[in-house]
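# Chain and residue survey
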Amino acid sequence: MPMVAYTRGGAEYVPEFLTNIDPEKCIGCGRCYKVCGRDVMTLHGLTEDGEMVRPGTDEYDDVEDEIIKSVMSMIHPENCIGCGACARVCPSDCQTHAAVD
Ligand code: SF4
Ligand code: SF4
């Protein structure tokens, strides 16, 4: 049985939690970040080697010259409430959501 949640009116629904963001497809537009109120994700730099580094860190400063683009990445997946808002605003179809058993 999947995990369920309830609306204010008591109706049951199945949350679809964010499980992955494809860095190949993501264009770093930030739309998902703007609609999410749960601090689930933030923009990262993607290096030529496929490494994801967070701005403001020493790691980022070390590889700054190798960054090819900005992509969204999850930092607190455990905060997701499965509302699906991020998927509705994504123009690149790069997110995966799933129910949890
Ligand atoms: S499903 Fe909702 S809570 Fe989860 S990351 Fe997307 S917008 Fe945030
Ligand atoms: S909305 Fe989609 S393309 Fe834009 S930053 Fe989020 S995951 Fe990437």
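The sections below set out a description of the structure shown in this document. (Residues numbered from 1 in each chain as written. Chains lettered and ligands numbered in written order. Predicted model: local features only at pLDDT ≥ 70, side-chain atom pairs only at ≥ 80, totals over all residues. Heavy atoms only, no water.)

## Considerations on the overall build of the protein chain
Counting secondary structure elements, the protein chain contains 3 helices and 7 strands. Element order for the protein chain, N to C, with α for helix and β for strand: β-β-β-α-β-β-α-β-α-β. Looking at the protein chain as a whole, 32% of its 101 residues qualify as buried. In the protein chain, of all internal contacts separated by at least 6 residues, the share reaching a separation of at least 24 is 62%. Of the side-chain charges in the protein chain, 8 are positive and 18 negative, and the distance between the mean point of each set is 16 Å. (Helix = DSSP H or I, 4+ residues; strand = E, 2+ residues; numbered from the N terminus. Buried < 20%, exposed > 50% of the residue type's maximum accessible area, 1.4 Å probe, protein only. Contact = heavy atoms within 4.5 Å. Lys, Arg positive; Asp, Glu negative; His and termini not counted. Charge placed at Lys NZ, Arg CZ, Asp CG, Glu CD.)

## A word on the nonpolar core
Counting 14 residues, the largest nonpolar core has Leu18, Ile21, Cys26, Met41 and Met72 as its most contacted members. Breaking this core down by element, the ones donating at least two residues are strand E3 (17-21), strand E4 (41-47) and strand E6 (67-74). Ranked by residues supplied to this core, first place goes to E3 with 3 residues. Residues contacting Ile21, with those up to four places away along its chain left out, are Cys26, Met41, Met72, Ser73, Met74, Cys94 and Gln95. (Core = buried A, V, L, I, M, F, W, Y, C linked by side-chain atoms within 4.5 Å.)

## Here's the deal with the state of the cysteines
This model, assessed by the stated rule, comprises 0 disulfides. With no disulfide of its own, Cys94 lies 3.5 Å from the sulfur of Cys90, the closest cysteine sulfur. (Disulfide = S-S within 2.5 Å.)

## Here we look at the environment of Cys86
Mapping Cys86 onto the fold places it in helix H3 (residues 85-89). Under the relative-accessibility criterion, Cys86 is labelled buried at 8%. Between the C-alpha atoms of Cys86 and Ala98, which are 12 residues apart in sequence, the distance is 13 Å. Setting aside residues up to four positions removed in sequence, Cys86 forms contacts with Cys32, Val35, Met41, Gln95 and His97.

Honestly, that's just the spatial picture; any functional story needs more than this.
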